[in-house]
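What follows is each chain in one-letter form.
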Amino acid sequence: MNMAPEWSAAVLAWPALIALSIIFGSSILSLLVQSRSEDRPHAAEDFAGRLSPWWRLCSIVAFLFSPLLLLNQVARMAEVSWRGALPFVCDVLKETYAGHVWDWQMPVAFVLLIVAWTPLAGFAKPLLLCILSAAILLLDSLTSHAIDYGGATIALHTVHALAAGLWVGALFGWWIGWRGVTVESEHAVRFTAILSRLAAWSVLIAVLSGIFLAYEGLGFSLHNFFYSTYSHVLAVKIGVFGLVLLGGAYNRYFLLPKLEEIPARQALRRNVGLEWAVLFGVLGLAAVLANTSPARMALRAQAGGMPAGREAFICRH
């Protein structure tokens with residue numbers, strides 16, 4: 001059951017996942033800031049303005065990595081190099097399930113790029129960015145291991161990805177937004193109150209959905225936790241995620257009650273910067289986990305005499 005991760009896919013998926021998470025989470029945070037800052041519209045506009053360059057950068061990353069991910073997927077399907085995969089791209093797009101998903105995913109990534117670079121005022125840009133990035137995360141779930149377990153698991157996988165992206169992106173967006181104001185500003189307190197509620201709900205949803213997905217990937221047996229590469233990657237991810245949760249709990253229960261004090265605000269800004277940086281690493285582990293055959297699939301393949309990686313490959317495509 002020690003099936004190695006598909007490293008090329010994981011390495012390519014990592015920056016794309018970070019970019020989509022930043023856009024999704026920070027755009028929702030921007031919408032909430034605007035809705036709660038009707039008495040200070042300039043503050044909300046400044047907040048969105050500070051996020052806009054990052055939205056543009058992330059949209060470029062998401063767009064450029066889409067064809068690379070597709071080409072890598074085709075190369076794995078045909079068991080050839082990237083150069084050798086080029087003649088098969090059109091056939092894959094026309095004749096395979098994964099190709100049909102990419103028929104939607106690449107145009108959505110292009111529209112995301114256009115929206116990010118278009119000067120739109122008010123709620124329009126963050127709302128569109130939120131919808132488009134969520135759509136790409138959904139489409140990504142449609143080619144994940146979740147498709148082997150039915151529609152409910154696909155939906156839960158999407159919810160998990162959205163919750164994690166919301167947490168990571170909101171933390172990053174808050175940190176970028178607060179860099180534009182002084183720690184003495186009351187805007188910082190208002191932004192933090194919004195972030196706190198957003199983070200609490202997204203973490204709760206991510207944890208609950210993640211527990212079910214992990215348990216399902218283990219074949220609903222904790223015994224399998226010790227005997228597969230999937231389990232080892234999962235254990236590392238849980239460990240790092242747990243450290244981030246401890247940091248987040250410290251911020252919420254020890255620093256937020258003292259937010260009227262300037263040193264607490266300074267400590268919170270520093271801690272949040274460290275938190276989202278570590279979460280970027282968690283997203284990397286998530287990309288590796290998503291490209292590693294689950295223990296359940298490996299067991300099924302072993303019983304049937306087929307290599308787990310190959311069966312996983314056929315099931316997804």
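Given the structure is predicted, the values throughout are model-derived calculations rather than measurements.

Draft legend 1. Inspection of the pattern of salt bridges at higher detail. Within this structure, the stated rule accounts for one salt bridge. Between Glu 6 and Arg 76 there is a salt bridge whose closest N-O contact spans 3.1 Å. Taken together, the residues span a long stretch of sequence, with Glu 6 in the segment before helix 1 (7-35) and Arg 76 in helix 2 (residues 41-78) at a distance of 70 residues.

Draft legend 2. Structural view of a nonpolar patch on the surface. A contiguous nonpolar patch, built from Val 159, Trp 201, Leu 204, Ile 205, Leu 208 and Ile 211 and spanning about 600 Å² of accessible area, is present on the exposed surface. The leading source of residues in the nonpolar patch is helix 8 (residues 186-217), at five residues. Its location among the elements puts Ile 211 in helix 8.

Draft legend 3. Up close: the packing of helix 5 (residues 97-117) against helix 6 (residues 124-141). Here helix 5 crosses helix 6 at 160°, and the two axes come no closer than 9 Å. When the axes of helix 5 and helix 6 are compared, the pair comes out roughly antiparallel. In the crossing of helix 5 with helix 6, the sense of the turn from one axis to the other is left-handed. Two secondary-structure elements touch here, helix 5 through Val 101, Trp 104, Gln 105, Val 108, Ala 109, Val 111, Leu 112, Val 115 and Ala 116 and helix 6 through Lys 125, Leu 128, Leu 129, Leu 132, Ser 133, Ala 135, Ile 136, Leu 139 and Asp 140. Tallied by class, residues from the contact of helix 5 with helix 6 come to 14 nonpolar, two polar and two charged.

Draft legend 4. Molecular detail of the packing of aromatic side chains. The tally for this structure, following the rule as stated, stands at eight aromatic pairs. Pairing Trp 167 with Phe 241 gives two aromatic rings, centres 5.5 Å apart and planes at 85°, and the pair type is edge-to-face. In this pair, Trp 167 sits in helix 7 (residues 151-179) while Phe 241 sits in helix 9 (residues 229-255), placing the two residues 74 residues apart along the sequence. Judged by relative accessible area, Trp 167 falls into the buried class, the value being 4%. Aromatic rings pair up to connect Trp 54, Phe 172, Trp 175, Trp 276 and Phe 280 into one cluster. Sitting above the plane of the Trp 117 ring, Arg 56 keeps its charged end 5.2 Å from the centroid. Taking the ring centre of Tyr 253 as reference, the NZ or CZ of Arg 252 above it sits at 5.9 Å.

Draft legend 5. Representation of the environment of Leu 279 within the structure. Among the secondary structure elements, Leu 279 is positioned in helix 10 (residues 262-290). Judged by its relative accessible area of 2%, Leu 279 falls in the buried class. For the pair Leu 279 and Gly 169, spaced 110 residues apart in the sequence, the C-alpha separation amounts to 9.8 Å. Here Leu 279 is in contact with Trp 167, Val 168, Leu 171 and Val 244, once residues within four sequence places are set aside.

Draft legend 6. Inspection of the confidence of the model for the protein chain at higher detail. Confidence in the prediction of the protein chain, expressed as mean pLDDT, is 83, and 83% of residues score 70 or more. This model gives residues 305-317 a pLDDT under 50, and the stretch forms 36 contacts once residues within four places in sequence are excluded.

Draft legend 7. Just the nonpolar core, in detail. Among the nonpolar cores identified, the biggest contains 55 residues, and Leu 112, Trp 167, Trp 174 and Phe 280 are the most heavily contacted of them. Only helix 1, helix 2, helix 5, helix 6, helix 7, helix 8, helix 9 and helix 10 provide two or more residues apiece to this core. Listed in part, the 14 residues of the second largest apolar core include Ala 13, Ala 16, Leu 70 and Met 77.

Cut-offs applied
Residues numbered from 1 in each chain as written. Predicted model: local features only at pLDDT ≥ 70, side-chain atom pairs only at ≥ 80, totals over all residues. Heavy atoms only, no water. Salt bridge = Lys/Arg side-chain N within 4 Å of Asp/Glu carboxyl O. Helix = DSSP H or I, 4+ residues; strand = E, 2+ residues; numbered from the N terminus. Patch = residues over 30% accessible without salt bridge, like charges linked within 9 Å, V, L, I, M, F, W, Y side chains within 5 Å. Areas by Shrake-Rupley, 256 points an atom, 1.4 Å probe, with all protein chains shown as cover. Axes fitted to C-alpha atoms, helices over the stretch in contact; angles between N-to-C directions. Parallel < 35°, antiparallel > 145°, perpendicular 65-115°, else oblique. Left-handed = near helix turned anticlockwise from the far one by under 90°. Contact = heavy atoms within 4.5 Å. Nonpolar A, V, L, I, M, F, W, Y, C, P; charged D, E, K, R; others polar. Phe/Tyr/Trp six-rings, centres within 6.5 Å; stacked < 30°, edge-to-face > 60°. Buried < 20%, exposed > 50% of the residue type's maximum accessible area, 1.4 Å probe, protein only. Lys NZ or Arg CZ within 6 Å of the ring centre and 35° of its normal. pLDDT = per-residue confidence, 0-100. Core = buried A, V, L, I, M, F, W, Y, C linked by side-chain atoms within 4.5 Å.

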